[in-house]
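# Structural features, examined
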Amino acid sequence: MEALLLVAGLLLGAYVLVYYNLVKAPPCGGIGSLRGRTAVVTGANSGIGKMTALELARRGARVVLACRSRERGEAAAFDLRQESGNNEVIFMALDLASLASVRAFATAFLRSEPRLDILIHNAGISSCGRTREAFNLLLRVNHIGPFLLTHLLLPRLKTCAPSRVVVVSSAAHRRGRLDFTRLDRPVVGWQQELRAYADSKLANVLFARELATQLEGTGVTCYAAHPGPVNSELFLRHVPGWLRPLLRPLAWLVLRAPKGGAQTPLYCALQEGIEPLSGRYFANCHVEEVPPAARDDRIAHRLWEASMRLAGLGPGEDDEPDEELQPEDPGTPCSPNTTHAEEPPVSEPSPDPRNSPDLSKVTRRIQVKAEPEPQVS
């Protein structure tokens, strides 16, 4: 009996150590009030993205939920308006697997929103699922789509400086090895998916690094953020059905809740005084060193050039938006008191989207992190 109690005590002590050192996330501080500021959070209909958007809304920001599913996005916007007491939470359609959708989102956003202070790239996938494309779907959703979106929204970010870009990455970047000869080749099989996911997370870290270099002196800073091991629906999505009941209690014990996973992205978006650390990688709300492959400026610049090509951005295309993409009456574009142009049809919230009879159905089966997010450490 004494031996059993001793073993139980040791196990409990070990769990406490693991929980407080690896699982429990430090709370985010940073700017207290975001009134008059606008934030875009991709994949914000559930999990980390939704918790990130909730905190931004609670601090008074106007929050745009950029999600693939209209039904889930509208439902999330309704939930967040109710929970935060902030009515300036809206949905806008964005499918990062489609470059046309990314451009359409940017066009709609620039026409309707005079400000952009915070851009958080939270959405992503860890598996292609049953979808088969002629390109690397993991790289497209996790890196190329966010790369293009950032490029298209940079003029507004620069105008509203100081502003920030946060790219949600993962500790999986440490296993990444970019092969530029097969960067956009289709991914087949779980082994290739694991490799492609790690490569895309490495691309996130290198993107933040090169973006910081490109934007030096503009007032726009950027950061790569690791949310930590998070308990989300996607954690069990690819697990056989018979194994899920066994893993659910384990996930609850050793993985963070989505609210905990949102703390480091929020820290990067809100913490004052970290501007000199632009381009760095953060975990547990502090800077963390990355392996040599993730801090190689030559590779980062080469990835930038390859991403420009894969995103369909010609060498002569600059960052300035077309005249027709400007708000109809911008006034002083980034004055905190600037009024918003008429809402685009894609983002008009309904009283309760769960009961709306005309919500569109998503036909594409892409497992996006925010629906829910992959959390591969």
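Figured I'd write up the structure that's included with this text.

Cut-offs used in this document
The residue numbers shown here count from 1 along each chain, following its written sequence. Given that the model is predicted, a residue must reach a pLDDT of at least 70 before its local features are reported, and side-chain atom pairs must reach 80 or more before they are shown or counted; all residues, however, enter totals for whole chains, interfaces and linings. To obtain the side-chain values, all non-hydrogen atoms of the structure were used and water was disregarded. Elements are defined by DSSP. Helices are runs of H or I of four residues or more, strands are runs of E of two residues or more, and each kind is numbered from the N terminus. Relative accessibility decides the category of a residue: with a 1.4 Å probe and only protein chains considered, values under 20% of the type maximum give buried, values over 50% give exposed, and everything between is partly exposed. The contact definition used throughout considers only heavy atoms, calling two residues in contact when any of these lie within 4.5 Å. Accessible surface area values rest on a Shrake-Rupley calculation with a 1.4 Å probe, where residue burial reflects the displayed protein chains alone. Crossover handedness is defined by viewing with both strands directed away from the observer: a clockwise path from the first strand over the helix to the second marks the crossover as right-handed. Stacked, tilted and edge-to-face are the three classes assigned to paired rings of Phe, Tyr and Trp, where Trp is represented by its six-membered ring and a pair needs centres within 6.5 Å; plane angles under 30 degrees give stacked, over 60 edge-to-face, the rest tilted. Only lysine NZ and arginine CZ atoms are considered, and such an atom sits over a ring when it is within 6 Å of the ring centre and within 35 degrees of the ring normal. The nonpolar core is taken to be a set of buried Ala, Val, Leu, Ile, Met, Phe, Trp, Tyr and Cys residues, with the residues joined through side-chain atoms within 4.5 Å. A fitted line through C-alpha atoms represents every axis, and for helices the fit uses only the stretch in contact; the resulting angles, taken between N-to-C directions, go from 0 to 180 degrees. Each angle gets one of four labels, with under 35 degrees taken as roughly parallel, over 145 as roughly antiparallel, 65 to 115 as roughly perpendicular, and the rest as oblique. Each residue receives one of three labels: charged for Asp, Glu, Lys and Arg, nonpolar for Ala, Val, Leu, Ile, Met, Phe, Trp, Tyr, Cys and Pro, and polar for the others, Gly being one of them. A helix is expected to span 1.5 Å multiplied by its residue count minus one. Between Lys or Arg on one side and Asp or Glu on the other, a salt bridge is scored when a side-chain nitrogen of the former is within 4 Å of a carboxyl oxygen of the latter.

The next point concerns the overall build of the protein. Along the protein, the regular secondary structure elements total 11 helices and eight strands. Expressed as a percentage of the 377 residues in the protein, the buried residues total 54%. Once local pairs closer than 6 in sequence are excluded, the contacts in the protein between residues at least 24 apart make up 83%. Of the roughly 17100 Å² that the protein leaves accessible, carbon and sulfur atoms contribute 54%.

Next up on the list: unusual backbone geometry. Negative phi characterises most residues that are not glycine, and trans characterises most peptide bonds. With an omega of 5 degrees, the peptide bond running from A161 to P162 counts as cis. Along the chain, P162 turns up in the loop between helix 5 (137-159) and strand 5 (163-168). Its identity as a non-glycine residue notwithstanding, N284 has a phi of 50 degrees, on the positive side. Position of N284 among the secondary structure elements: in the loop between strand 7 (281-283) and strand 8 (286-287). In the Ramachandran plot, C285 falls in the positive-phi region, its phi being about 65 degrees despite a non-glycine side chain. One can find C285 in the loop between strand 7 and strand 8.

This part covers the pairing of strand 3 (residues 89-93). Each regular strand carries side chains that alternate between the two faces of the sheet. Of all five residues making up strand 3, four are buried, and the element is well covered by its neighbours. For the crossover from strand 2 (residues 62-67) across helix 3 (residues 70-84) to strand 3, the handedness is right-handed.

Before going further, it helps to spend a moment on the packing of aromatic side chains. For the structure on display, the rule yields six aromatic pairs. Residues F105 and F109 carry aromatic rings whose centres are separated by 6.1 Å and whose planes lie at 20 degrees to one another, so their mutual orientation is stacked. A residue pair is termed a helical-turn pair when its members lie 3 or 4 positions apart in one helix, as F105 and F109 do in helix 4 (residues 99-112) at four residues. Here F105 matches F109 in class, with each residue buried. Here Y267 and F282 contribute two aromatic rings whose centre-to-centre distance is 6.0 Å and whose plane-to-plane angle is 45 degrees, an arrangement assigned as tilted. Of this pair, Y267 sits in helix 10 (residues 263-270) while F282 sits in strand 7, and the two are 15 residues apart along the sequence. F282 matches Y267 in its accessibility class, with the two residues each being buried. Across the ring face of F135, the terminal group of R140 is positioned such that the distance to the ring centre comes to 3.8 Å.

By size, the foremost hydrophobic cluster in this structure holds 68 residues, and its most contacted members are V40, F105, F109, L153, V165, L178 and L183. Among the elements that line this core, the one with the most residues is helix 5, at 12 residues. Setting aside residues up to four positions removed in sequence, V40 forms contacts with V64, A66, F105, F109, L116, I118, L119 and I120. The next biggest cluster of nonpolar side chains, apart from the first, holds 35 residues, and it includes I31, A39, C67 and C268.

Turning our attention to the packing of helix 5 against helix 11 (residues 297-310). Contact pair helix 5 / helix 11: the axes reach a minimum separation of 10 Å and the direction vectors enclose 85 degrees. Relative to helix 11, helix 5 is oriented roughly perpendicular. Every residue of helix 11 that contacts helix 5 at L139, H143, I144, F147 and H151 is listed here: L303, W304, S307, M308 and L310. Broken down by class, the residue content of the contact of helix 5 with helix 11 amounts to seven nonpolar, three polar and no charged.

Before going further, it helps to spend a moment on helix 2 (residues 47-58). In this model helix 2 runs 17 Å from its N-terminal to its C-terminal C-alpha over 12 residues, within 8% of the 16 Å that 1.5 Å per residue would give. Turning to helix 2, its buried residues are G47, I48, G49, K50, T52, A53, L54, L56 and A57. Just past helix 2, the residue G60 takes up positive phi, approximately 100 degrees.

It is possible for side chains of opposite charge to pair when their charged atoms get near one another. Applying the stated rule across the entire model yields 12 salt bridges. E88 serves as the salt-bridge partner of R62, at 3.2 Å between the closest nitrogen and oxygen. One end of the pair, R62, is in strand 2; the other, E88, is in the loop between helix 3 and strand 3, with 26 residues separating them in the sequence. We classify R62 as buried; its relative accessible area is 4%. When salt bridges that share partners are traced, they join R62, E88 and E113 into one network.

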